[in-house]
Amino acid sequence: MGKKTIHVSDFSGTVLGADDEAVRIVVLEHPDLVAGPVQLDATPMEVESIDDAALDVAVVEIHDRHGHGEPRRVVLTASEFDAMATDVPMAQLLKTAERVRPPKTRRSAEKVDYGTIEHAGRPHRGRVTEEEARLVRERLDEVNKRLADAGLRQIDPVDPEHAARYGFPVEP
């Protein structure tokens, strides 16, 4: 038994032939979008007018007391935003304005403790602690099941590299 996949435009329901090109459109923001980005398929003809219909917009964040500590994101036409600059043209203002740097990521929040049963035996570049090695040796079946469930390599105590890394006895 075989399976046949039929590609259909999400916009019009038009069936795309085997030689037809499907265009993928990712919707990042929309007032009706509730659970994050989605993708839609369309024919090339259906998306030809998107570039012509595109708006020049400014997307801004407003940091004030009305946001209760969170910025409000607002989209407005570029011409409406440009009109707000009355002293200096907006293009010049944007060139000389202070740059916003993205917040620094906190590496300590990402640190994984391999000395716990939840992470022991996971592949990593760091040194294996005695606690991690002990957990792997004492609970090998549990560690290997967790690794297999996660699609990771399992630990083989007779593999010389694994034996040395986790302190398994090496047989001559």
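Here's a quick rundown of the structure. (Residues numbered from 1 in each chain as written. Predicted model: local features only at pLDDT ≥ 70, side-chain atom pairs only at ≥ 80, totals over all residues. Heavy atoms only, no water.)

**What to know about the overall build of the chain**
Secondary structure assignment for the chain yields eight helices and six strands. Ordered by position from N to C terminus, the α and β elements of the chain give β-β-β-β-α-α-β-β-α-α-α-α-α-α. Rg of the C-alpha trace for the chain: 28 Å, well past the compact-globule value of 16 Å for 172 residues, more than 25% over. Principal axes of the C-alpha set define a box for the chain whose edges measure 80 × 60 × 30 Å. Sequence-distant contacts in the chain: of pairs separated by 6 or more residues, those separated by 24 or more amount to 31%. (Helix = DSSP H or I, 4+ residues; strand = E, 2+ residues; numbered from the N terminus. Rg over C-alpha atoms; globule rule 2.2 N^0.38 Å. Contact = heavy atoms within 4.5 Å.)

**Here we look at a nonpolar patch on the surface**
There is a patch of nonpolar side chains on the surface, built from L55, V57, V59 and V75 and spanning about 360 Å² of accessible area. With respect to the helices, strands and loops of the structure, L55 is situated in the loop between α2 (50–53) and β5 (57–62). Relative accessible area serves as the criterion here: at 63%, L55 is assigned to the exposed category. (Patch = residues over 30% accessible without salt bridge, like charges linked within 9 Å, V, L, I, M, F, W, Y side chains within 5 Å. Areas by Shrake-Rupley, 256 points an atom, 1.4 Å probe, with all protein chains shown as cover. Salt bridge = Lys/Arg side-chain N within 4 Å of Asp/Glu carboxyl O. Buried < 20%, exposed > 50% of the residue type's maximum accessible area, 1.4 Å probe, protein only.)

**Things to note about the pattern of salt bridges**
Counted according to the given criterion, the structure contains seven salt bridges. Residue R134 pairs with E131 through a salt bridge whose shortest N-O separation is 2.5 Å. Of this pair, R134 and E131 are both found in helix α6 (residues 130–138), three residues apart, which corresponds to roughly one turn of the helix. Close ionic contact of E138 with R134 constitutes a salt bridge, the shortest N to O distance being 2.7 Å. Linking E138 with R134, this pair stays in helix α6, spanning four residues, or about one helical turn. Residue classification places E138 among the exposed positions, given a relative accessible area of 55%. Taking the relative accessible area as the measure of exposure, R134 reaches 28% and is therefore partly exposed. Members of the salt-bridge network, linked through shared partners, are E131, R134 and E138.

**Digging into α6**
Among the residues of α6, E132, A133, L135 and V136 are the ones counted as buried. Taken around the axis of α6, the buried residues stretch over an arc of 160°, which confines them to a single face. Among the exposed residues of α6, those pointing more than 90 degrees away from its buried face are E130 and E138. For α6, the secondary structure elements touched by its buried residues are α7 (140–149) and α8 (160–166). (Arc of directions from axis to C-beta.)

**Concerning α7**
If you check which residues of α7 are buried, you get L140, V143, N144 and L147. All buried residues of α7 project into a common sector of 95° when viewed along the axis, lining one side. What points out from α7, more than 90 degrees from its buried face, is the exposed set D141, K145 and D149. Elements in contact with the buried residues of α7: α6.

**Some points on the environment of L140**
If you trace the backbone, L140 turns up in helix α7. Put simply, L140 and A120 are 20 residues apart on the chain and 9.7 Å apart in space, counted from C-alpha to C-alpha. Setting aside chain neighbours within four positions, we find L140 in contact with L135, I155, P157 and F168.

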